[in-house]
Amino acid sequence: MTDLEWDTLVLGAGVLGCATAYHVMRSDPDRRVLLLDRNPRPAQGNTRRSVALFRDLFTSSTNQALASSTIALFDHVEGELGHNLGLKRFGYYWMMDPGKLDDLRPVLEDLERHGSDLEIHDRSDVRALLGEHIELDPVPPLDRGPLGSVAGAVMARNAGTLSPSRLAGWFEMEFRALGGRVEYGFTVDRLVPESVRGNGFRVWEDGRVAAVEGASGRLRAREFVVAAGAMTPSLLDPLGVDSHVKPRTRQAFGLVGEGATALHERNGFPGGHLPVMVLPSAGVYLKPVGSQRMLLAGCADDLGRPFGLDEDPQPEAEFLRDQIRPVVEGYLPGMKGAEVKVSWAGQYHSNTIDGNPYVFKESNLTVVAGASGSGIMKSDAIGRVAAAVHLDQRSTELFDGHRMNVADLGIKGRKVAPEALII
Ligand SMILES: Cc1cc2nc3c(=O)[nH]c(=O)nc-3n(C[C@H](O)[C@H](O)[C@H](O)COP(=O)(O)OP(=O)(O)OC[C@H]3O[C@@H](n4cnc5c(N)ncnc54)[C@H](O)[C@@H]3O)c2cc1C
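Note that the coordinates shown come from a computational prediction; the quantities given were computed from them, not determined experimentally.

Cut-offs and rules
Residues numbered from 1 in each chain as written. Predicted model: local features only at pLDDT ≥ 70, side-chain atom pairs only at ≥ 80, totals over all residues. Heavy atoms only, no water. Helix = DSSP H or I, 4+ residues; strand = E, 2+ residues; numbered from the N terminus. Areas by Shrake-Rupley, 256 points an atom, 1.4 Å probe, with all protein chains shown as cover. Lys, Arg positive; Asp, Glu negative; His and termini not counted. Charge placed at Lys NZ, Arg CZ, Asp CG, Glu CD. Pairing = 2+ DSSP bridges. Buried < 20%, exposed > 50% of the residue type's maximum accessible area, 1.4 Å probe, protein only. Axes fitted to C-alpha atoms, helices over the stretch in contact; angles between N-to-C directions. Contact = heavy atoms within 4.5 Å. Parallel < 35°, antiparallel > 145°, perpendicular 65-115°, else oblique. Left-handed = near helix turned anticlockwise from the far one by under 90°. Nonpolar A, V, L, I, M, F, W, Y, C, P; charged D, E, K, R; others polar.

Could you give me a rundown of the overall build of the protein, with the residues and numbers involved?
If you tally the helices and strands in the protein, you get nine helices and 21 strands. Reported as C-alpha extents along the three principal axes, the dimensions of the protein are approximately 70 × 40 × 35 Å. Summing over all exposed atoms, the protein offers an accessible surface of approximately 18,000 Å²; the carbon and sulfur share of this is 47%. Positive and negative charge centroids in the protein, built from 46 and 55 side chains respectively, lie 3 Å apart.

Printed below as a string of C-alpha cells:
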C-alpha cells in the first residue's frame, strides 16, 4: 500500500454520499474508493430524519430534470430490479393563493404542455376534491395576519414517498458490489491541507487536501468528495472553502384524530389515495401516512428560524402550537384537536440563493451540498453530477437519458433558474 492509499475518499454516507460513491465507481471501476461516515451504517444523518417525499413538480428545469430522472431510477430499482424501496405514489396537491397561482400559472401551463403529469385546478375543483374538509377563505386567529385564500391548486401525480434508508442502502450495496470500500464509525475532525509537494503548505504553492483526520487516525487520499450534509460548512469553513450553504432546522409532527382519519377515508382522489397537501400559507404541508391514518405536518419557516448547526435538533411543541396548527386548522378545520403521535427534527443544508443543489470542485475537493428539502428525490441525479465533476467530465447522462452540463450546478458557471416551489 502506498502512503496515498485511496484514489477517492467520500466523506458522508447519507443518500448523497452513497449515490456519489456508487456513480464514481460505476464510471471508473478501477478506482480505489472509500466511503466514510461517523455512524455505524449509511443514512443515519439527516437522510433518516427526512419526511421522504418525492415529486417532479419544480419550476427550475434543472430541478425537474434532477427529480424526474431520479424518480425513474426509483421505479427501475423497485419495478425491474425487485429491490423494495417502499415506493408509494399518491401525488402532491399544492394549493396556492391568488398571487402565487397567477405568478406560477405560465410555468405550470408550460410544464403541462411539455408532458408533466399534472393538472391545474381552480377553486371549484379544490372544493370538489376536498369537499367540506377545506376552508377556502380561512379566518386567521384573532389579532394575526391573514391566511391566503385558496385560489386553486396543482395536482402533480408523479409524486409520493419511499424509504430513504433503503434507497441509500441500495446505492451503498451497489457501490460495494463494484469493489468500493466503506469505513464506518470514523468521525472526521478536520480536512488536512498540504502543498502538492507533500510537505506542509505555503501560500505561494498549489494546495490540496491530503487527508481526513479524527480520533481514529488519518486517512489519506488523492481526491475527496465532501457530502457531509449539514456538517459541510463546519468542515469546509476552517479550510477557507465556501460551501455556499447553511444548516437550518426543520421539523415534522405526525397528527392523528378524527379529522385526519376523515381525510384519509374520503373518496375521489386520483389513484384512490389522499395526496400530500401543501397549504397556501408558509409552505405548510401534510403527508398522508395511510397505515396510521396520520398526517405528517411540516413547514418551510425561514424568517425567524436561525441558521446554525445543531447536531441533535429537537421538535418544538410551541412551534407546532403557534405556527403550524393555526395554518392547518385554518384550512382544514376538522384537524382541530388532532393529537401528536410522533415528532422529530433534522437539518437542511440550505441553498438560500436559488433553491437548486450545488456541486463544485475546488482543488482536489468535490463538494455536494445545498440539496435543501429535496436531496432524496434528486439523489441519483445529484450523485451522477457529482461523480462527473469529481472525474473532471463536462456533462453526465441522467438515468432517463437526459444530458446535463455539470457546470450548471457549479459556482462559477452556474446556470439554473431560481426555484419557486420550495418547502
Ligand atoms: C425534516 C426534514 C424533512 C425532509 N423531507 C424531505 C423530503 O420529503 N424529500 C427529500 O427529498 N428530502 C427531504 N429532506 C432533505 C433530505 O433529508 C436531505 O436533502 C438529504 O438527506 C441530504 O442527504 P445528505 O447525504 O447530503 O446528508 P446526510 O444524510 O445528513 O448525510 C451526511 C452524512 O455525513 C456524515 N458526517 C457528517 N459530518 C461528518 C464527520 N465530521 N465525520 C464523519 N461523518 C460525517 C453524517 O453522519 C451523515 O451520515 C428533509 C430533511 C429534513 C430535515
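We are not done yet, so read on.
Go over the sheet that holds strand β3 (residues 53-55) with me, naming the residues and quoting the values.
Pairing is antiparallel across the open sheet formed by three strands, whose spatial order is β3-β8-β4. Each edge of the open sheet carries a strand with a single partner, namely β3 and β4 (88-89).

Quick one: what's the story with unusual backbone geometry, residue by residue and with numbers?
With the exception of glycine, the majority of residues adopt a negative phi angle, and the majority of peptide bonds are in the trans configuration. Non-glycine residue Ala-52 carries a positive phi angle of around 65°. Mapped onto the elements, Ala-52 comes out in the loop between β2 (33-37) and β3. Phi is positive for Ser-372, close to 45°, though the residue is something other than glycine. Residue placement: Ser-372 occurs in the loop between β19 (365-369) and α9 (379-390). Under the relative-accessibility criterion, Ser-372 is labelled buried at 19%.

Just give me the short version of the sheet that holds strand β13 (residues 246-256), but keep the residues and values in it.
Taken together, eight strands build an open sheet; the order of strands is β6-β7-β5-β14-β15-β16-β13-β17 and the sheet is mixed. At either end of the open sheet lies a strand with only one pairing partner, and these are β6 (118-122) and β17 (339-350). The average angle at which neighbouring strand axes cross in this sheet is 20°, direction not considered. Where β6 and strand β7 (residues 152-156) come together, five bridges link them in antiparallel fashion. Opposite Leu-118, over in β7, you have Ala-156 as the bridge partner. Contacts between helix α3 (residues 98-113) and the sheet are confined to β5 (92-96), β6 and β7, with β6 contributing the most and set at about 150° to the helix. On the sheet, helix α4 (residues 123-130) packs against β5, β6, β7 and β14 (276-278) and is oriented at approximately 100° with respect to β6.

Any details on the packing of helix α1 (residues 15-27) against helix α5 (residues 164-177)? Residues and values, ideally.
Two elements in contact, α1 and α5, have axes separated by 8 Å at closest approach and are oriented at 30°. The angle between the axes of α1 and α5 places the two elements in the roughly parallel class. Remark: the crossing between α1 and α5 carries left-handed chirality. Listed contacts from α5 to Val-15, Cys-18, Ala-19, Ala-21, Tyr-22, His-23 and Met-25 of α1 are Leu-167, Ala-168, Trp-170, Phe-171, Glu-172, Glu-174 and Phe-175. Across the contact of α1 with α5, the residue classes break down as 11 nonpolar, one polar and two charged.

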